Amino acid sequence: MTAQFIVNHLWQSSCFGLLASLLAFMLRGYSPKIRYRVWLSASLKFFVPWVLLVSLGSLVPWGAHQTASVASTLPDTLVQIAEPFSPNPYPAVQRQAQTRWGVTALAFLWATGFIAIVFKRCRSWHCLRTTLRGGTPVKLPIAVPALVTATTQEPGVVGFLKPTLVLPTLLLERLSPEQLEALLAHELSHVRRRDNLFAALHMGVEAIFWFHPLVWWIGSRMLEERELACDEEVLRLGCRPADYARGILTVCELYSEAPLACVSGVTGADIKKRLKAILRGTVSRELNRHRKLALVFAALAAVAVPIGLGVWNAPAAHAQAAPQAFEVASVRPATPLGPLGLRSDQKGGPGTSDPGTFTCQNCPLSWVLADAYPIHSYDLVGPDWLQSTRFDFSAKVPPGTAKEDFQKMIANLLMERFKMSVHREARQMDLFEMTVAKNGPKFKAYAPQNDPGKDDSPSAGPLKRDADGFPVLTPGMTMAMIPGHARVQSQNQNIGWFAEILSNQLRSPVHDATGLTATYDFVFSWSWDEGPGAAGDASADLINQLPAQLGLKMERKKGPVEVLVVDHMEKVPTAN
């Protein structure tokens, strides 16, 4: 269970409780047993997460053709409420376990409160059971077993499945037959309504969600409405209001209230308010047919809406459950190709001219890892042989596979054949921070009227070159290189895109701290020495040319960089 699930469940149940409060207020002139049911539904909602009902709906065996059109009409907001989780696009990554002290402290605090409440109530229940064992059975003209005890607590009904009426000895001596009859009618009303069972369920809600004030308020409302409902039932049976009120006062004078809400007595809730209602001798009006139908419809809708969302959204959910494995896959140690020996070749996959296949011949595993988890070379932390040991990959991609699913397939293939185990973590690394130089940027924002558009006409001859031997960059080209020289052309691109290109060239993270948010047009070039004995390092001139050509500058710093750490990888893949 995640923290996000708990938060979603709490706010959804809280909204349901507030709606129940509004509904109970609107029904204040009607019978309290109706309001009691409203509060009970608000309590039970804490036991039933919305996402559980949605999941039940998704299991309904409807055909995709029956539900696809309906699912397409659902507002995205409802789907987001029904599905509070955001699936991890790379489930194969195992994140490093980190101690979250804040979450641990909250969990400890919750457990302390839960145990304290459960312990207190279990102790009270044990005392009640002890009282029952010391009681004397007595025969009364009622359908419930009765015991007479010397307890100092008020009379009440104990038990859920087999309730027992407990009567103090002194009470039988102090009450008149009419008063005793009225009190017995009250207790039998609790039995018929299963009040002990529902009170026990809410006690469970209070123990689990003890930190939520709304839960305790719902409990107090349930206690008040159940007692008022039983009072009404006693008056409906024909008991005199004066005898009934005097009997309740006698109990209040002699005995203390029951320690548990799941022990139904006669002195619960606001006694003054109850006595006024009893002495008036009036019975609240019942709902008419139309109002009953409205309440039934609202109750059914509370359950049917999330289940319906699950049913209607099932085709989309099944569509997202794309294949996670290639139809056929082969992995072998690399073999020489052609008379020139080993060469590397990688092609195929979604978005290419051959989306149905994936091949990577003479490829280091670092290449394949970059396909599974979009990373740069500096983002990968693992053994050196990941760069040097090479393999031949060949796989058949299922039709219609999206790029994200293709990446998952490669990751799952590595896990299956190489027993791969990886995780992501943040590490302090050397990086570059790109900022605006003192005199400001030397390029202008993109102007749509100056965009010549992409030239899609077929090439009529060899690639055109300028006086320096550079390929002429057309709107469809972003970078060109010749030995010792490179040039980047930006057309309607943001600086983050440019920082990504520089990261690949410098083989180090480049953080965009320029604060430039528009898109821009510019051309940037740099060179390096590739003569005999030269290192061929392009980074020095690239960094030096940035202020002169673009008005940007680079600074070396250390900062956190998220890397992919290879925890385990077998050198020899399992057999095909």
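Residues numbered from 1 in each chain as written. Predicted model: local features only at pLDDT ≥ 70, side-chain atom pairs only at ≥ 80, totals over all residues. Heavy atoms only, no water.

Undergrad: Account for the overall build of the protein, with residues named and values stated.
TA: Per the secondary structure count, the protein includes 18 helices and 16 strands. Considering only residue pairs separated by 6 or more positions, the protein has 75% of its internal contacts joining residues 24 or more positions apart. By element, 59% of the accessible surface of the protein is carried by carbon and sulfur atoms, the whole surface being about 32,100 Å². (Helix = DSSP H or I, 4+ residues; strand = E, 2+ residues; numbered from the N terminus. Contact = heavy atoms within 4.5 Å. Areas by Shrake-Rupley, 256 points an atom, 1.4 Å probe, with all protein chains shown as cover.)

Undergrad: Lay out the side chain of Asp243 in plain terms, naming residues and giving numbers.
TA: Among the secondary structure elements, Asp243 is positioned in helix 11 (residues 241–254). Leave out the neighbours within four places in its chain, and Asp243 touches Glu178 and Gln179.

Undergrad: Could you give me a rundown of the state of the cysteines, with the residues and numbers involved?
TA: Enumeration according to the criterion identifies one disulfide in this entry. Across the disulfide from Cys360 sits Cys363; the S-S distance is 1.8 Å. Judged by the sign of its S-S torsion, about -105 degrees, the bond between Cys360 and Cys363 is left-handed. A single burial state applies to Cys360 and to Cys363, both of which are buried. (Disulfide = S-S within 2.5 Å. Buried < 20%, exposed > 50% of the residue type's maximum accessible area, 1.4 Å probe, protein only.)

Undergrad: Before we move on, could you go through helix 6 (residues 101–133) and cite the residues and values that matter?
TA: Counted at 1.5 Å a residue, the expected span for helix 6 with its 33 residues is 48 Å, and the 47 Å between its end C-alpha atoms agrees. Residues Gly113, Ile117, Ser124, Leu128 and Leu132 constitute the buried set of helix 6. Summarising the contacts, the buried residues of helix 6 are in contact with strand 2 (146–149), strand 3 (156–158), strand 4 (164–168), helix 9 (195–208) and helix 10 (213–236). (Expected span 1.5 Å × (residues − 1).)

Undergrad: Summarise the pairing of strand 13 (residues 485–493); cite the residues concerned and give the values.
TA: Residues in a regular strand project their side chains so that they alternate between the two faces of the sheet. For strand 12 (residues 479–482) and strand 13, the ladder comprises four bridges, and the chain directions are antiparallel. For Ile482, the partnering residue across the bridge sits in strand 13 and is His485. Linkage of strand 12 to strand 13, two consecutive antiparallel strands, is achieved through a turn of two residues, within which Gly484 is found at a positive phi near 85 degrees. Relative to strand 15 (residues 520–527), strand 13 runs antiparallel, the two sharing seven bridges. Bridging from a neighbouring strand, Gln489 pairs with Val523 of strand 15. (Pairing = 2+ DSSP bridges.)

Undergrad: Give me the sheet that holds strand 13: which residues, what numbers.
TA: An order of 11-15-13-12 is seen for the four strands of this open sheet, with the pairing classed as antiparallel. Lying at the two open borders of the sheet, with one neighbouring strand each, are strand 11 (444–445) and strand 12.

Undergrad: Give me the lowdown on helix 17 (residues 495–506), citing residues and values where you can.
TA: Here helix 17 is twelve residues long and its end C-alpha atoms lie 16 Å apart, about the 16 Å a rise of 1.5 Å per residue gives. Those residues of helix 17 that fall on the buried side of the exposure criterion are Ile495, Trp497, Phe498, Ala499, Ile501, Leu502, Ser503 and Leu506. Between a side-chain oxygen at the N-terminus of helix 17 and the backbone nitrogen of Gly496 the separation is 3.2 Å; the capping residue is Asn494. Once helix 17 finishes, Arg507 follows within two positions and takes phi at roughly 55 degrees, a positive value. (Polar contact = N/O pair within 3.5 Å; in protein donor to acceptor, adjacent residues only side chain to side chain.)

Undergrad: Could you give an account of unusual backbone geometry, naming the residues involved and the relevant values?
TA: Even without being a glycine, Asn362 presents a positive backbone phi close to 60 degrees. On the basis of relative accessibility, which here comes to 3%, the residue Asn362 falls in the buried class. Backbone geometry places Lys419, a non-glycine residue, at a positive phi of 55 degrees. Examined against the element boundaries, Lys419 turns out to sit in the loop between helix 16 (403–418) and strand 10 (421–436). Judged by its relative accessible area of 43%, Lys419 is partly exposed.

Undergrad: Which residues make up the packing of helix 2 (residues 32–44) against helix 10, and what values go with them?
TA: For the pair helix 2 and helix 10, interaxial distance at closest approach is 8 Å and the crossing angle is 155 degrees. The pairing of helix 2 with helix 10 is recorded here as roughly antiparallel in orientation. For helix 2 against helix 10, the interelement crossing comes out left-handed. Only Trp217, Ile218, Arg221, Met222, Glu225, Arg226, Leu228, Ala229 and Glu232 of helix 10 make contact with helix 2, whose side of the interface consists of Pro32, Lys33, Arg35, Tyr36, Trp39, Leu40, Ala42 and Ser43. Classifying every residue of the contact of helix 2 with helix 10 by side-chain character gives ten nonpolar, one polar and six charged. (Axes fitted to C-alpha atoms, helices over the stretch in contact; angles between N-to-C directions. Parallel < 35°, antiparallel > 145°, perpendicular 65-115°, else oblique. Left-handed = near helix turned anticlockwise from the far one by under 90°. Nonpolar A, V, L, I, M, F, W, Y, C, P; charged D, E, K, R; others polar.)

Undergrad: Tell me about the nonpolar core, residues and numbers included.
TA: In terms of nonpolar packing, the biggest core is built from 30 residues, with Leu365, Leu369, Tyr373, Phe393, Leu414 and Met569 touching the most fellow members. Going through the elements one at a time, strand 7 (357–364), helix 14 (365–372), helix 15 (385–388), strand 9 (390–396), helix 16 and strand 16 (552–568) are the ones with two or more residues in this core. Per-element accounting of this core gives the leading share, seven residues, to helix 16. Formed by 24 residues, the second largest nonpolar core is a distinct cluster that contains Ile495, Trp497, Leu542 and Leu552. (Core = buried A, V, L, I, M, F, W, Y, C linked by side-chain atoms within 4.5 Å.)

Undergrad: Give me the lowdown on the pattern of salt bridges, citing residues and values where you can.
TA: All chains considered together, the criterion is met by 15 salt bridges. The closest approach of N and O atoms between Lys558 and Asp430, which form a salt bridge, is 3.0 Å. Pair noted here: Lys558 is in strand 16 and Asp430 is in strand 10, with a separation of 128 residues, a long-range link. The exposure class of Asp430 is partly exposed, given its relative accessible area of 47%. Among the salt bridges present, the one from Glu433 reaches Lys557, with a minimum N-O distance of 2.9 Å. Here the residue Glu433 occupies a position in strand 10, and Lys557 occupies one in strand 16, the gap between them amounting to 124 residues. Since its relative accessible area comes to 17%, Glu433 is described here as buried. (Salt bridge = Lys/Arg side-chain N within 4 Å of Asp/Glu carboxyl O.)

Undergrad: So, the confidence of the model for the protein: which residues are in play, and what are the values?
TA: In the predicted model, the protein carries a mean pLDDT of 78, and the fraction of residues at 70 or more is 76%. Below a pLDDT of 50 lies the segment residues 62–98, which in the model reaches 59 contacts outside its immediate sequence neighbourhood of four places, other chains included. Below pLDDT 50 for its whole length, residues 453–463 participates in four contacts with residues either more than four positions away or in separate chains. (pLDDT = per-residue confidence, 0-100.)

Undergrad: Now, about the sheet that holds strand 8 (residues 380–381): what can you tell me, with residues and values included?
TA: Within a sheet, each strand pairs with its neighbour through backbone hydrogen bonds, oriented either parallel or antiparallel. Taken together, four strands build an open sheet; the order of strands is 8-16-10-14 and the sheet is mixed. Two strands close off the open sheet at either side, each with one partner strand: strand 8 and strand 14 (510–512). In the sheet, strand 10 pairs with strand 16 via 16 bridges, with the strands oriented antiparallel. Note on strand 16: the bridge partner recorded for Gln428 is Pro560. Across the sheet, helix 17 is in contact with strand 10, strand 14 and strand 16; its angle to strand 14 comes to roughly 170 degrees.

Undergrad: I'd like a rundown of the environment of Gly382, residues and numbers included.
TA: By the element assignment, Gly382 lies in the loop between strand 8 and helix 15. Judged by relative accessible area, which is 37%, Gly382 ranks as partly exposed.

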